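Chain residues, written in single-letter form:
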Amino acid sequence: MQLSPDGDVETVGRWDFSGELKMGMTAHPKVDPVTGEVFAFRYGPIPPFLNYFRIGVDGTKQPDIPIFSFRQPSFVHNLAITERYTIFPDIQIIMRPLEMFTGMGPLMGCEARKVPRVGIIPRYATDELEMKWVEVPGLNFVHSVNAWDEKGGQEVVLVVANIVPVEHILERMDLLH
């Protein structure tokens, strides 16, 4: 989309970063207000279930970082960034690939026994080896509100909207955007 000289919004087509974006990406990338960089991801039903990437201020998409430690196809709708880190949710809402491909059941479900996690990776990591996963029982966030570093980057503060109880979100998927 672009803004025309008379103020109208015009659709100009799909932007794939000069062919570098092979599949879709999140609808909620994060723009660093200081550097102008964009931090984004995509997730899907086949491994790696999560891929992290950034887009430079010149619009060049950087290489994907496959996150193989994201163990199953969970619903990842958003991320958060701090000055030093990118933060991902791994929640109890899961995708069901077999049902997705066969049409033999709901595409998504709730795995109540799964302990939600938050993944924290340095913003400029070049592979997933620097990813740290922290279990956060009961925290199923779909939208982040804010995040920042404290104590010189030794602590991360994450403010999110939690889905409580998580089982009921699937009853109203029409409310999720």
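Everything in this summary refers to the structure shown in the same document. Numbers given for residues are sequential positions, taken from 1 along each chain in its written order. Predicted model: local features are reported for residues with pLDDT of at least 70 only, side-chain atom pairs are reported and counted for 80 or more only, and whole-chain, interface and lining totals are derived from all residues. The basis for every side-chain value is the complete set of non-hydrogen atoms in the structure, without hydrogens or water.

Aromatic rings from Phe, Tyr and Trp, taking only the six-membered ring of Trp, are treated as a pair when their centres fall within 6.5 Å; an angle between ring planes under 30 degrees marks them as stacked, one over 60 as edge-to-face, and anything in between as tilted. Applying the stated rule across the entire model yields six aromatic pairs. Ring centres 6.0 Å apart and planes at 40 degrees place the aromatic pair Phe70 and Trp133 in the tilted group. Here the residue Phe70 occupies a position in the loop between strand E6 (65–66) and strand E7 (80–81), and Trp133 occupies one in strand E12 (residues 132–135), the gap between them amounting to 63 residues. The ring of Phe53 carries Lys61 above its face, with NZ or CZ at 4.6 Å from the centroid. Here, a charge over a ring means that NZ of Lys or CZ of Arg falls within 6 Å of the ring centre while also lying within 35 degrees of the ring normal. Lying across the ring of Trp133, Arg117 places its NZ or CZ 3.9 Å from the centre. The helix and strand labels rest on DSSP assignments: H or I over at least four residues marks a helix, E over at least two residues marks a strand, and numbering proceeds from the N terminus.

In this section: the sheet that holds strand E8 (residues 85–90). Note on pairing: two strands pair once DSSP finds at least 2 bridges between them. An order of E7-E8-E11-E12 is seen for the four strands of this open sheet, with the pairing classed as antiparallel. Two strands in the sheet have a free side with no partner beyond their single neighbour: E7 and E12. With six bridges joining them, E8 and strand E11 (residues 117–122) adopt antiparallel strand pairing. Among the inter-strand pairings, Thr86 is bridged to a residue of E11, identified as Ile121.

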